[in-house]
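Listed below are the residues making up each chain.
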Amino acid sequence: MLVPSDTMAAQSKLLYHLNKFYGERVQARKVAVAKTVKDVCKVVQDVLKEVEVQEPRFISSLNECNSRFDGLEVLSPTEFQVILYLNQMGVFNFVDDGSLPGCAVLKLSDGRKRSMSLWVEFITASGYLSARKIRSRFQTLVAQACDKSNYRDEVKMVADTTEVKLRIRERYVVQITPAFRCSGLWPRSAAHWPNPHIPWPTPNLVAEVKAEGFDLLSKDCIFLQGKQSSMEGDAWLLHFMEAEKTLLSGGCRKKCLSILKTMRDRHLDLPGNPVTSYHLKTLLLYECEKHPRELEWDEACLGDRLNGILLQMISCLQCRRCPHYFLPQLDLFKGKSPSSLENAAKQCWRLARELLTNPRSLEKL
């Protein structure tokens, strides 16, 4: 198919401005975030070292490797999540029967005695390992560790939450989440993935993702609110950080996500937090399915992919529903106010229109 020369000229103009935006704004954000991560992790590592002295079962897994910290997620330039991987899940069965949306439970294997578990006092009468009980104990330990830390003047526990959150230098918030890593397993509630009618991801990539597995996190789950389930406090949240990272490793996918995150920080960081970096990552994964061929993720297509994701975001905001990529029965907009979603849709539309009609606008975006 022949593409009109003016269309090609417009595309190359957009690509030029996007690369300029990436070289200036996105790289500046990356450098600033990397510096913050180093500073923040120094404080968190010190607190976790003190936790470990008090309670050797909570061993810090926040280790630096090739300038990256294992289990660290950047939620925004001032918000971070540190996943603390716990040891010995072996005596438990992973139960994922769909009764707890987005969650699963860990139940003592038949015939196993409570005393065989490292986490004996957190096992309920029914034999479930309680996510909330473990988190509550961990919260107490972290509060004590903050008082003994070398950084005690710079770090405070965030009150009024069952989560373990630290406020560092009054500026940064770090949530520390106890978790189990489930390698070589794949949850039943995500068994429909990948879609057999779509050629992306390739069978090799699917095998890699499923071997990578997922994490089970101890944190409040908005998807269970209002379910009146007696299991709510015992349930563990399904989390696919490594799987998502593997899927987004080829072509200009990572670059695309970095540009979207930078735009989000500058234009979509709105009251009520309607658009998060996780929403953007989710829509990027859906965009990969819509454009399954690798040549569609060539650098030259970057502008088209960004426009596609922004238009999809507008549609989701207007419909007030954003399905989770691996668990589409979960709505990632649950708990967001309709007015904040409406406001975000308007802002998103303004951004998309600027990109489509005037690539030079990136100079001031």
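Residues numbered from 1 in each chain as written. Predicted model: local features only at pLDDT ≥ 70, side-chain atom pairs only at ≥ 80, totals over all residues. Heavy atoms only, no water.

Which residues make up the packing of helix α6 (residues 277-290) against helix α7 (residues 302-319), and what are the values?
Direction vectors running N to C along α6 and α7 enclose 115 degrees, while the axes themselves pass 9 Å from each other. In this structure, the crossing between α6 and α7 has a hand that is right-handed. Taken together, the residues of α7 that come into contact with α6 (itself represented by H279, L280, L283, L284, E287 and K290) are D304, R305, G308, I309, Q312, M313 and C316. A per-class count over the contact of α6 with α7 returns six nonpolar, three polar and four charged. (Axes fitted to C-alpha atoms, helices over the stretch in contact; angles between N-to-C directions. Helix = DSSP H or I, 4+ residues; strand = E, 2+ residues; numbered from the N terminus. Left-handed = near helix turned anticlockwise from the far one by under 90°. Contact = heavy atoms within 4.5 Å. Nonpolar A, V, L, I, M, F, W, Y, C, P; charged D, E, K, R; others polar.)

Give a description of the packing of aromatic side chains that names residues and reports values.
Evaluated as defined, the whole model comprises 14 aromatic pairs. Their ring planes at 55 degrees and their centres at 5.2 Å tell us that F180 and W236 sit as a pair that is tilted. Note that F180 is positioned in strand β9 (residues 172-182) and W236 in strand β11 (residues 236-239), a separation of 56 residues in sequence. There is no split in this pair, since F180 and W236 are both buried. Aromatic pair Y325 and F326: ring centres 5.0 Å apart, planes at 70 degrees, arrangement edge-to-face. Taken individually, Y325 and F326 each receive the classification buried, so the pair is uniform in this respect. Feature note: the residues F94, W186, W193, F214, F240, Y286, Y325 and F326 constitute an aromatic cluster, connected by ring pairs. One Lys or Arg, R181, reaches over the ring of Y85 and ends 4.0 Å from the middle of that ring. A cation over a ring is seen here: K255 above Y22, with NZ or CZ 4.9 Å from the ring centre. (Phe/Tyr/Trp six-rings, centres within 6.5 Å; stacked < 30°, edge-to-face > 60°. Buried < 20%, exposed > 50% of the residue type's maximum accessible area, 1.4 Å probe, protein only. Lys NZ or Arg CZ within 6 Å of the ring centre and 35° of its normal.)

Can you break down the pattern of salt bridges residue by residue, with the values?
Under the defined criterion, the tally for this structure stands at 23 salt bridges. D269 is the partner of R264 in a salt bridge, and the nearest nitrogen-oxygen pair spans 3.4 Å. In this structure R264 comes out as buried when scored by relative accessible area, which is 3%. Here E363 and R360 are joined by a salt bridge, their closest N and O atoms 3.5 Å apart. Relative accessible area serves as the criterion here: at 51%, R360 is assigned to the exposed category. In the salt-bridge network here, residues are joined through shared partners; they are R29, R264, D265 and D269. (Salt bridge = Lys/Arg side-chain N within 4 Å of Asp/Glu carboxyl O.)

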